[in-house]
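Below are the chains, spelled out letter by letter.
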Amino acid sequence: MAGRRPGQTQTREHILTAARSQFGALGYGGATIRGIAAEASVNPALIHHFFGTKEQVFVEALSLPVNPTVMAEVVLNGPRDHAGERLVRLMLGLWSAPEPSKSFLALLRSVSTNEQAAKMLREFLERAVLTKVAEALGVPRLRMTAMAAQLVGLAMVRYVVRVEPMASASDDEVVAVVAPVIQHYLDGDGPVQAGEVLSSPSDDSARAARSRW
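Worth saying up front: this structure is predicted, and the values here are computed from it rather than measured.

Colleague: For this particular structure, what's the right way to read the overall build of the protein chain?
Modeller: Along the backbone of the protein chain there are 11 helices and 0 strands. For the protein chain, the N- to C-terminal ordering of α and β elements is α-α-α-α-α-α-α-α-α-α-α. With 213 residues in all, the protein chain has 42% of them scored as buried. The contacts of the protein chain with a sequence gap of at least 6 include a subset with a gap of at least 24, amounting to 69%.

Below is the structure:
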């Protein structure tokens, strides 16, 4: 009698194990759905069935607390002059939730000591998060990177190192201090060097985003 076919949960975990291996060896940019499928000995279509995109495979494989698509929607939906506040409140909520915070804080601790983990997170932020928002808003790449650094630094100080009084401050107090800085990056105040803009804001997605403001 043939052995039982692995269930969906087992197959899904097998794919995630292969994905972690591929992302660790090749980085976010180098890993592919086909490569992950080959290592997991499954059809690439099955990965699309379980996860959808490579971006979502990465989110699941590293147990990230937030889907980058959600981050982009938070920034883009609503008045632009409140986008910084929306993003900071979203991140504070995710970081303080019991289950998501465990995985994210574990990732933050690992990137500070493990270059492989740092490379994966860096490439993921670059390709899956920063590019989307920068293209939609016409925000210079340098400012988007600075915004990411500000948010990751906030997480380290507030939740990992727990520096006071930031660690015990209320969310409203943190938002009051940090949101204007994030908003500054999004608004693009100040000088911009030639070649700093990641991509032209003249495409359809950028015009649609700005039309809401």
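Colleague: Help me understand the pattern of salt bridges, please; the structure alone is not making it clear to me.
Modeller: In a structure, side chains of opposite charge can pair up when their charged atoms sit close to one another. In this structure the tally under the stated criterion is 4 salt bridges. The salt bridge involving Arg 12 is made with Glu 60; its shortest N-O contact spans 3.2 Å. Linking Arg 12 in helix 1 (residues 8–30) with Glu 60 in helix 4 (residues 54–61), this pair joins segments that are 48 residues apart in sequence. Among the residues examined, Arg 12 registers a relative accessible area of 25% and is labelled partly exposed. Among the residues examined, Glu 60 registers a relative accessible area of 28% and is labelled partly exposed. Taking the shortest distance from any N to any O, the salt bridge between Asp 171 and Arg 158 comes out at 3.1 Å. Within this pair, whereas Asp 171 is found in helix 10 (residues 171–187), its partner Arg 158 is found in helix 9 (residues 141–160), the two being separated by 13 residues in sequence. With a relative accessible area of 32%, Asp 171 lands in the partly exposed category.

Colleague: Can you help me understand the nonpolar core in this one?
Modeller: Where a protein is soluble and globular, its nonpolar side chains tend to be buried together. One finds Phe 23, Ile 47, Trp 95 and Ile 182 to be the most contacted residues of the largest nonpolar core, which totals 61 residues. Among the elements that take part in this core, helix 8 (residues 115–137) stands out by supplying 9 residues, more than any other. With sequence-adjacent residues up to four places away left out, Phe 23 is seen in contact with Tyr 28, Ala 31, Ile 36, Lys 54, Val 57, Phe 58 and Met 120.

Colleague: Please explain helix 5 (residues 68–76) as it appears in this structure.
Modeller: Think of an α-helix as turning once every 3.6 residues; residues three or four places apart then point the same way. Among the residues making up helix 5, those that are buried are Pro 68, Met 71, Ala 72, Val 74, Val 75 and Leu 76. Looking one or two residues past helix 5, Gly 78 carries a phi angle of roughly 110 degrees, positive in sign.

Colleague: Help me understand helix 4 in this model?
Modeller: The element helix 4 is largely enclosed, with a buried count of 6 among its 8 residues. For helix 4, the complete set of buried residues consists of Glu 55, Gln 56, Val 57, Phe 58, Val 59 and Ala 61.

Colleague: Help me understand the packing of aromatic side chains, please; the structure alone is not making it clear to me.
Modeller: In this description, a pair of aromatic rings is defined by centroid distance and the angle of the planes. Overall, the coordinates contain 3 aromatic pairs when judged by the stated rule. Pairing Phe 50 with Phe 51 gives two aromatic rings, centres 6.1 Å apart and planes at 55 degrees, and the pair type is tilted. Each member of the pair, Phe 50 together with Phe 51, is buried. Ring centres of Trp 95 and Tyr 159 lie 5.8 Å apart, and the angle between their planes is 65 degrees; this geometry places the pair in the edge-to-face category. Residue Trp 95 is found in helix 6 (residues 83–96), and its partner Tyr 159 is found in helix 9; the two are separated by 64 residues along the sequence. Taken individually, Trp 95 and Tyr 159 each receive the classification buried, so the pair is uniform in this respect.

Colleague: How should the confidence of the model for the protein chain be read in this particular structure?
Modeller: Where the model shows low pLDDT, its predicted coordinates should not be examined in detail. Residues of the protein chain with pLDDT of at least 70 account for 81%, and the chain-wide mean is 79. Of all the helices and strands in the protein chain, helix 11 (residues 204–211) carries the lowest mean pLDDT, 43, while helix 2 (residues 33–40) carries the highest, 96. Within the model, pLDDT remains below 50 along residues 1–5, and this stretch shows 0 contacts once partners closer than five positions in the same chain are excluded. With pLDDT under 50 throughout, residues 191–213 is counted as low confidence; its partners more than four residues away or in other chains account for 42 contacts.

Conventions and cut-offs
Residues numbered from 1 in each chain as written. Predicted model: local features only at pLDDT ≥ 70, side-chain atom pairs only at ≥ 80, totals over all residues. Heavy atoms only, no water. Helix = DSSP H or I, 4+ residues; strand = E, 2+ residues; numbered from the N terminus. Buried < 20%, exposed > 50% of the residue type's maximum accessible area, 1.4 Å probe, protein only. Contact = heavy atoms within 4.5 Å. Salt bridge = Lys/Arg side-chain N within 4 Å of Asp/Glu carboxyl O. Core = buried A, V, L, I, M, F, W, Y, C linked by side-chain atoms within 4.5 Å. Phe/Tyr/Trp six-rings, centres within 6.5 Å; stacked < 30°, edge-to-face > 60°. pLDDT = per-residue confidence, 0-100.

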